[in-house]
Amino acid sequence: MKPPARGRAAGKVILLGEHAVVYGRPALAAGLPLCLEAEVGAGEGPARLESDRHADDARVARLIAEAAAAVGLEPRGFVVRVRSDVPAGVGVGSSAALAVAVLRALAAAAGRRLVRDDELEVATRLESIFHGHPSGIDPVAAALGGCFRFVRGAPPTITPLRLAVPLPLVIAFGARPRSTGAAVMGLRARWEAERPRYEALFDAVAATVEDGTRAAEAGDLAALGRAFDQNQALLEALGVSAPEVEALVARARAAGALGAKLTGGGAGGAVVAVAPEPERLAAALGADGMRTIVAQVGAAAEEAA
Ligand code: PMV
């Protein structure tokens, strides 16, 4: 009997550089130790998805059809079953993880394995079904895990970091639903109206990414925290933060974080903090009713599949 065709992918956290990464600046991100697995089984009629986290809606149907086409399969006669501990819709890359895992599972069902650049190119296209015009950073984290510097491009420039120590992080999730697409489009309109101002802010973000990259490689958590704080101030100047994000960032700093900032699209959503005792910080935020994840993120990029 043939083994079941499976694909796996990770969740992600953007450490530094979101939004500016869309405009060609570098960003720093890491895979999270959260896993989404897709398995292909026999089914009747058009291919469909079974998942307790993702609706089998028109976008998911398109994802399956385009992933199947990319590996030369007819989108009929199979079911894709998804098991996931990546929370959906909160800025930790659930759509990219779904795209990468489904693509890998269908490639396995077709008896193929895509080379890395092809896999990332297709996965970025699949992710754009959910998010308009993404930079492509999420599928890289979902596919490779580890901690890496990213510059968009075709193909993107991906530099895995060699970390002295895993980075102790807490990710806290805001309660208000938010839209990455709306935050990206709003910033685009402001940039169109006042390019020199926004280009200068993107350059300042790039400098925090370089400082934070050096700090992460050296295991200098205090300097990484300062880079988080500087990046948060720039995200506020870019207009992609929100009062509840700033309140949560202030609360995290008061409860022992060395630095904290929004992560992902912003305008609400998740905050990432670096803390020497992440469990204590998570407990303090949890006592305020916040949902949190503690993650010691990656020593080196590795295949999540
Ligand atoms: O909200 P998320 O987790 O999808 O992250 C969006 C990150 C942006 O830089 C704002 C957009 C992008 O595609 O890079």
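Everything that follows concerns the structure shown earlier in this document.
Residues numbered from 1 in each chain as written. Predicted model: local features only at pLDDT ≥ 70, side-chain atom pairs only at ≥ 80, totals over all residues. Heavy atoms only, no water.

(A) How the structure looks around the sheet that holds strand β10 (residues 291–297). Judged by pairing direction, the sheet is antiparallel, and its four strands sit side by side in the order β8-β9-β7-β10 without closing on themselves. One side of each edge strand has no neighbouring strand; the edge strands of this open sheet are β8 (259–262) and β10. Direction aside, neighbouring strands of the sheet carry axes that sit 20° apart on average. In the sheet, strand β7 (residues 167–173) pairs with β10 via seven bridges, with the strands oriented antiparallel. (Pairing = 2+ DSSP bridges. Helix = DSSP H or I, 4+ residues; strand = E, 2+ residues; numbered from the N terminus. Axes fitted to C-alpha atoms, helices over the stretch in contact; angles between N-to-C directions.)

(B) Representation of the site of the ligand. For the ligand, the set of nearby residues contains 17 residues, the closest of which are Lys12, His19, Ser135, Thr180 and Gly265. His19 places a main-chain nitrogen or oxygen 2.9 Å from an oxygen atom of the ligand. Within the contact set of the ligand, an oxygen atom lies 2.8 Å away from a backbone nitrogen or oxygen of Gly265. Protein contact buries 94% of the 390 Å² of open area that the ligand shows by itself. Its residues assigned to classes, the shell around the ligand comprises six nonpolar, seven polar and four charged. Each of domain 1 (5–160) and domain 2 (167–297) accounts for three or more of the residues forming the shell around the ligand. (Near = heavy atom within 4 Å. Polar contact = N/O pair within 3.5 Å; in protein donor to acceptor, adjacent residues only side chain to side chain. Areas by Shrake-Rupley, 256 points an atom, 1.4 Å probe, with all protein chains shown as cover. Nonpolar A, V, L, I, M, F, W, Y, C, P; charged D, E, K, R; others polar. Domains from an automatic or database assignment.)

(C) View of helix α5 (residues 180–193). The first and last C-alpha atoms of α5 sit 20 Å apart over 14 residues, in line with the 20 Å expected at 1.5 Å per residue. Taken together, the buried positions of α5 are Ala183, Leu187 and Trp191. One side of α5 carries all its buried residues, which in axial view fall inside an arc of 70°. Away from its buried face by more than 90 degrees, α5 exposes Met185 and Ala193. On its buried face, α5 sits against α6 (195–218) and α7 (221–238). (Expected span 1.5 Å × (residues − 1). Buried < 20%, exposed > 50% of the residue type's maximum accessible area, 1.4 Å probe, protein only. Arc of directions from axis to C-beta. Contact = heavy atoms within 4.5 Å.)

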